[in-house]
Amino acid sequence: QVQLVESGGGLVQAGGSLTLSCAASGSTFSINGMGWYRQAPGKQRDLVAAISRAGGTNYSDSVKGRFSISRDNAKSTLYLQMNSLKPEDTAVYFCKADSERWGIAFAHWGQGTQVTVSS
């Protein structure tokens, strides 16, 4: 099993920056792709950014040029650097890890961390 714990959320003014972290534990050797998702009140959970084990990345159009995803495989940690934050970035941010063992794919989620951007 894989456990994920996010940290780094908080309250920030528009234009500010935050860095989220996601520490993985357990069977981290089985993790392949990882990503950040967010969910605002009353809305569905959407992909923000994703990164492969080799470091390939993709971003939602709404955060391109402002957010940067990275991972440290040695530390089993995922990061999301968020710059030029906007009120519409306010949401609960979730870390996700995809793993595979015994030929079976698993999806693991963290508990989420709140990001609030004030105008």
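Before reading further, recall that the structure is shown in the block above.
Residues numbered from 1 in each chain as written. Predicted model: local features only at pLDDT ≥ 70, side-chain atom pairs only at ≥ 80, totals over all residues. Heavy atoms only, no water.

1. Describing the pattern of salt bridges
- This model, assessed by the stated rule, comprises four salt bridges.
- For Arg-66, the salt bridge is made with Asp-89, and the minimal N-O distance between the two is 2.8 Å. Taken together, the residues span a long stretch of sequence, with Arg-66 in the loop between β6 (57–59) and β7 (67–72) and Asp-89 in the loop between β8 (77–82) and β9 (91–101) at a distance of 23 residues. The exposure classification of Arg-66 matches that of Asp-89, with both residues buried.
- Measuring nitrogen to oxygen at the nearest pair gives 2.5 Å for the salt bridge that ties Lys-96 to Asp-98.
- Judged by its relative accessible area of 13%, Lys-96 is buried.
- Each of Arg-38, Arg-66 and Asp-89 takes part in salt bridges that share partners, so that together they form one network. (Salt bridge = Lys/Arg side-chain N within 4 Å of Asp/Glu carboxyl O. Helix = DSSP H or I, 4+ residues; strand = E, 2+ residues; numbered from the N terminus. Buried < 20%, exposed > 50% of the residue type's maximum accessible area, 1.4 Å probe, protein only.)

2. Regarding the state of the cysteines
- What the rule picks out here adds up to one disulfide.
- One disulfide in the model links Cys-22 with Cys-95; its S-S distance is 2.1 Å. Given an S-S torsion of about -75°, the disulfide between Cys-22 and Cys-95 has left-handed geometry. On the criterion of sequence distance, the pair formed by Cys-22 in strand β3 (residues 18–26) and Cys-95 in strand β9 is long-range, its members being 73 residues apart.
- Note on Cys-22: relative accessible area 0%, which makes it buried.
- Note on Cys-95: relative accessible area 0%, which makes it buried. (Disulfide = S-S within 2.5 Å.)

3. Digging into unusual backbone geometry
- The backbone of Ser-76 shows a phi angle near 55°, a positive value even though the residue is not glycine.
- Summarising the element assignment, Ser-76 is placed in the loop between β7 and β8.
- The backbone of Trp-102 shows a phi angle near 55°, a positive value even though the residue is not glycine.
- On the secondary structure map, Trp-102 appears in the loop between β9 and β10 (104–109).

4. Points about the nonpolar core
- Membership of the largest hydrophobic core comes to 26 residues, with the highest contact counts inside it found for Trp-36, Leu-80, Met-82 and Tyr-93.
- Among the secondary structure elements, those contributing two or more residues to this core are β1 (2–7), β3, β4 (31–39), β5 (46–51), β7, β8, β9 and β11 (113–118).
- What Tyr-93 contacts, discounting residues up to four positions off in sequence, is Glu-6, Leu-20, Trp-36, Tyr-37, Arg-38, Val-48, Phe-67, Leu-80, Met-82, Gly-112, Thr-113 and Val-115. (Core = buried A, V, L, I, M, F, W, Y, C linked by side-chain atoms within 4.5 Å. Contact = heavy atoms within 4.5 Å.)

5. Section: the side chain of Ser-60
- Here Ser-60 shows up in the loop between β6 and β7.
- What makes Ser-60 buried here is its relative accessible area of 17%.
- Those residues in contact with Ser-60, other than ones at most four positions away along the chain, are Leu-47 and Val-48.

6. Details of the sheet that holds β8
- One open sheet holds the four strands; their spatial order is β1-β3-β8-β7, and the pairing between them is antiparallel. Edge strands, defined here as strands with exactly one partner in the open sheet, are β1 and β7. Mean inter-strand twist for the sheet, computed between neighbouring axes without regard to direction, equals 15°.
- Relative to β8, β3 runs antiparallel, the two being bridged by six bridges. When the sheet's bridge partners are listed, Cys-22 is paired in β8 with Leu-78. (Pairing = 2+ DSSP bridges. Axes fitted to C-alpha atoms, helices over the stretch in contact; angles between N-to-C directions.)

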